[in-house]
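# Chains, contacts and geometry: an overview
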Amino acid sequence: MIEPVALKDFFLTFFSAAMIIMTGALYALLFAYARVKHRPLLMPLAYLAYLGLVVSVLVLAYAANLFSSAFWIFIVLLMLVGYLLAPHAVWHLCVGTHAHEHEAT
């Protein structure tokens, strides 16, 4: 059984959860903008935002006592891989879906 979050870790949990949302959104936004506007120089910033996401997830996992179980460690790692690969998959899906529009012109 996972221990509940200690009261002393409540702020850390709240702040890291908020940072997960912010850095995840920033990663997706920078990734999409770099691809749509053909600005490859923004990609390192997108990956820097992803690094911030990784740090935030690890802090949240620590504060929420998720490192005490192999199952939760697996879930945390799976989520991080999903966050890394999802924008790539969505980009390729969008390009493939709209490829016929560019061929018709």
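Residues numbered from 1 in each chain as written. Predicted model: local features only at pLDDT ≥ 70, side-chain atom pairs only at ≥ 80, totals over all residues. Heavy atoms only, no water.

## Examining the side chain of Ser56
Relative to the helices and strands, Ser56 resides in helix 2 (residues 43-63). Not counting the four nearest positions on each side in its chain, Ser56 is found in contact with Ser16, Met19, Ile20 and Thr23. (Helix = DSSP H or I, 4+ residues; strand = E, 2+ residues; numbered from the N terminus. Contact = heavy atoms within 4.5 Å.)

## Let's talk about helix 1 (residues 10-36)
Look at helix 1: 39 Å from first C-alpha to last across 27 residues, which is about the 39 Å you get at 1.5 Å a residue. All of the buried residues in helix 1 are Thr13, Ser16, Ile20, Thr23, Gly24, Tyr27, Leu30, Phe31 and Ala34. Following helix 1 by one or two positions, His38 has its phi on the positive side, about 55°. (Expected span 1.5 Å × (residues − 1). Buried < 20%, exposed > 50% of the residue type's maximum accessible area, 1.4 Å probe, protein only.)

## What about the packing of helix 1 against helix 2?
As a packed pair, helix 1 and helix 2 sit with axes 8 Å apart at the nearest point and diverge in direction by 160°. One element, helix 1, and the other, helix 2, form an angle in the roughly antiparallel class. The interaxial crossing formed by helix 1 with helix 2 has left-handed handedness. Here the contact of helix 1 with helix 2 is composed, by residue class, of 19 nonpolar, six polar and one charged. (Axes fitted to C-alpha atoms, helices over the stretch in contact; angles between N-to-C directions. Parallel < 35°, antiparallel > 145°, perpendicular 65-115°, else oblique. Left-handed = near helix turned anticlockwise from the far one by under 90°. Nonpolar A, V, L, I, M, F, W, Y, C, P; charged D, E, K, R; others polar.)

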